[in-house]
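What follows is each chain in one-letter form.
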Amino acid sequence: MWRFSRPDAARALDDARVRRSLPRYVDVVKNGKHAKFLLNTMMNVDFSPQDATERLWEFHENLLETYPHIEKKADGGQYPNQLRGERSFLDLKIELGKRIMKGCHFCEKRCNTDRFSGEKGECSAGTTFSLSSCFPHLGEEPELVPSGTVFTLGCTIRCIHCQNWGLSQWQEHGTPMGPRGMALLIERLREQGCRNINMVGGDPTPYCWLWLRTMAHVDASIATVWNSNSYYSRETSLLLAGFIDLYLLDFKYGNDSCAAEISGAPGYWEACTRNHLMADRYGEVII
């Protein structure tokens, strides 16, 4: 039925401009290539959860250098069986995300709260998803529709013009959801014909660790979309690199004074520009 209400979306994946700007995303949606998170699970890494955090980031940096070559080979049908180790690249990202949770700095404000101890920073997120709604969205950009949107509560900034104020500022009660439950919802959205899993809110940044864990339980190849205000930390951008297929990023302000006054987001310009460049390097981008 959505093809009648959104004929532009029905045609979008065959549009030459879309294929030129989002070629790999289109191939993932059409089941021609594996989503990046699945490639992460195929890349084995020899690390231990007892390793020092600095050591784990070194592993991660080395794998990020390797990842584009692995992806290119996988896209040509040569899957990564040459790497050794009992754990995957996605497991490494999950372990690093867990450590960030102990002194939370997923966003640029770097509250450093221990979320495992019940502490909550400015976003007020805890250790589980707070789910608002989850459905095939027909109101997104045509190349995304139908988009499997997952709206979570909480946000890293406070825009006075926010269109999802009830979600971002916790004016509704969300449903607690763990990674396995979220994975089942994603599988269901895929079965309903959604082209992607659209991580949104609020903002998905507070739930970065939970999203990594969720996708470890998803078997179906579905394109991942990071729908964010762009105000996330360098460490988060590294965890997303090679994991997210398509970044749907805001570019809200061209200077920090407006960002601070209107959205309570000091240092927005630096974070936003850095994260757009990282997104373009490791994935595809809609701004």
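Check the entry above for the structure.
Basis of the calculations
- The residue numbering used here restarts from 1 in each chain and proceeds along that chain's sequence as written.
- Local features in this predicted model are restricted to residues of pLDDT 70 or higher, and side-chain atom pairs are both shown and tallied only at a pLDDT of 80 or more, whereas totals for entire chains, interfaces and linings draw on every residue.
- Here the side-chain values reflect all heavy atoms present in the structure, with hydrogen atoms and water set aside.
- Secondary structure elements are defined from DSSP: runs of H or I of at least 4 residues count as helices, runs of E of at least 2 residues count as strands, and each element is numbered from the N terminus.
- When accessible area is computed with a 1.4 Å probe and restricted to protein chains, residues below 20% of their type maximum are described as buried, those above 50% as exposed, and intermediate ones as partly exposed.
- Every residue pair with non-hydrogen atoms within 4.5 Å of one another is taken to be in contact.
- Residue-level accessible areas treat just the shown protein chains as cover; the underlying method is Shrake-Rupley with a 1.4 Å probe.
- In this tally Asp and Glu are treated as negative and Lys and Arg as positive; neither His nor the chain ends contributes.
- We put the charge of a Lys on NZ, of an Arg on CZ, of an Asp on CG and of a Glu on CD.
- Throughout, nonpolar core names a set of buried Ala, Val, Leu, Ile, Met, Phe, Trp, Tyr and Cys residues whose side chains join them through atoms within 4.5 Å.
- Pairing between strands is defined by DSSP: at least two bridges between them are needed.
- A right-handed crossover is one whose linking path, passing over the helix from the first strand to the second, runs clockwise when the strands point away from the viewer.
- Only centres within 6.5 Å qualify two rings of Phe, Tyr or Trp (six-membered ring in Trp) as a pair; their planes then separate them into stacked at under 30 degrees, edge-to-face at over 60, and tilted for everything else.
- Only protein atoms enter the 1 Å grid used here, on which a cavity is any set of points holding a 1.4 Å probe that cannot leave and a pocket is any open set flanked by protein within 12 Å on both sides along at least five of seven lines; residues with an atom within 4 Å of a point are listed as lining.
- Grid points are joined across faces, edges and corners, and a volume is the space filled by probe spheres set on the points.
- Three classes are used: nonpolar for Ala, Val, Leu, Ile, Met, Phe, Trp, Tyr, Cys and Pro, charged for Asp, Glu, Lys and Arg, and polar for all others, with Gly counted as polar.
- Lines are fitted to the C-alpha atoms to define the axes, a helix being fitted only along its stretch in contact, and any angle between axes, read from their N-to-C directions, falls within 0 to 180 degrees.
- Helices are assigned an expected span. That span is 1.5 Å times one less than the residue count.
- In this scheme, the bend at a residue equals the angle between the axes fitted to the seven residues that finish there and the seven that begin there.

A. Up close: the overall build of the chain. Secondary structure summary: the chain contains 13 helices and 9 strands in total. Projected onto its principal axes, the C-alpha positions of the chain cover 55 × 50 × 35 Å. Per-residue burial over the chain gives 53% buried out of 287 residues. In the chain, the share of contacts with a sequence separation of at least 24, taken over all contacts with a separation of at least 6, comes to 70%. When the accessible area of the chain is evaluated, it comes to approximately 13000 Å², of which 48% is carbon and sulfur surface. Within the chain, the 35 negative side-chain charges are centred at a point lying 3 Å from the centre of the 33 positive side-chain charges.

B. Representation of the nonpolar core. The biggest cluster of nonpolar side chains holds 73 residues, and the ones touching the most others in it are Trp 211 and Trp 226. Ignoring any residue separated from it by four or fewer positions in sequence, one finds Trp 211 in contact with Phe 129, Val 150, Met 182, Ile 186, Ile 197, Met 199, Pro 204, Trp 226 and Phe 243.

C. Geometry of the pairing of strand 6 (residues 196-200). Most of strand 6 sits out of view: 5 of its 5 residues are buried. Burial along strand 6 is two-sided: Asn 196, Asn 198 and Val 200 and Ile 197 and Met 199, pointing in opposite directions, are all buried. One ladder, built from 5 bridges, connects strand 4 (residues 147-152) with strand 6; its direction is parallel. Pairing of Gly 148 across the sheet is with Ile 197, part of strand 6. Read as a crossover between parallel neighbours, the route from strand 6 over helix 10 (residues 208-215) to strand 7 (residues 223-228) is right-handed.

D. Main features of the packing of aromatic side chains. Under the counting rule described, the total for this entry stands at 8 aromatic pairs. On the basis of an interplanar angle of 20 degrees and a centroid distance of 6.1 Å, the ring pair of Tyr 231 and Tyr 268 is categorised as stacked. Of this pair, Tyr 231 sits in the loop between strand 7 and helix 11 (234-240) while Tyr 268 is found in helix 13 (residues 268-282), placing the two residues 37 residues apart along the sequence. Residue classification places Tyr 268 among the buried positions, given a relative accessible area of 0%. Measuring from ring centre to ring centre gives 5.7 Å for Phe 251 and Trp 269, while their planes differ by 65 degrees; the resulting arrangement is edge-to-face.

E. Structural context of unusual backbone geometry. The peptide bond linking Val 145 to Pro 146 adopts the cis configuration, its omega dihedral lying at -5 degrees. For the bond from Gly 201 to Gly 202, the omega torsion is 20 degrees, close enough to zero to count as cis. Locating Gly 202 in the fold gives a position in the loop between strand 6 and helix 10. Of note in the backbone geometry, Arg 110 takes a positive phi value of approximately 50 degrees without being a glycine.

F. Just empty space enclosed by the protein, in detail. Under the definition given, this model contains 1 cavity of 30 Å³ or more. Counted as a void, the largest cavity has a volume near 130 Å³. Surrounding the largest cavity, 17 residues form its lining, Cys 104, Cys 107, Cys 111, Glu 122 and Cys 123 being those nearest its centre. Looking at the lining of the largest cavity, its residues break down into 7 nonpolar, 5 polar and 5 charged.

G. Up close: the layout of surface pockets. Counted as a void, the largest pocket has a volume near 490 Å³. Every residue lining the largest pocket is counted, 25 residues in all, and those nearest its centre are Gln 163, Asn 164, Gly 202, Asn 227 and Asp 250. Broken down by class, the residue content of the lining of the largest pocket amounts to 8 nonpolar, 11 polar and 6 charged.

H. Spotlight on the sheet that holds strand 3 (residues 129-137). Here we have 7 strands laid out as an open sheet, ordered 5-3-4-6-7-8-9, and mixed in their pairing. On the outer flanks of this sheet lie strand 5 (175-177) and strand 9 (284-286), each paired with one strand and no other. For this sheet the average axis-to-axis angle between neighbouring strands, irrespective of direction, equals 35 degrees. In the packing of helix 9 (residues 179-191) onto the sheet, the strands contacted are strand 3, strand 4, strand 5 and strand 6, and the crossing angle to strand 3 comes to about 5 degrees.

I. Molecular detail of helix 6 (residues 53-75). The end-to-end C-alpha separation of helix 6 is 32 Å, in line with the 33 Å expected for 23 residues at 1.5 Å each. Most pronounced at Thr 66, the bend in helix 6 amounts to some 40 degrees, and the proline Pro 68 follows within four residues. Within the sequence span of helix 6, burial applies to Leu 56, Trp 57, Phe 59, His 60, Leu 63, Leu 64, Tyr 67, Ile 70, Glu 71 and Ala 74. Here the buried face of helix 6 lies against helix 4 (23-29), helix 5 (36-42), strand 1 (44-45), helix 7 (89-101), helix 11 and helix 13. Residue Gly 77 follows helix 6 closely and has a positive phi angle near 95 degrees.

Remember that the coordinates give geometry; whether it matters functionally is a separate question.
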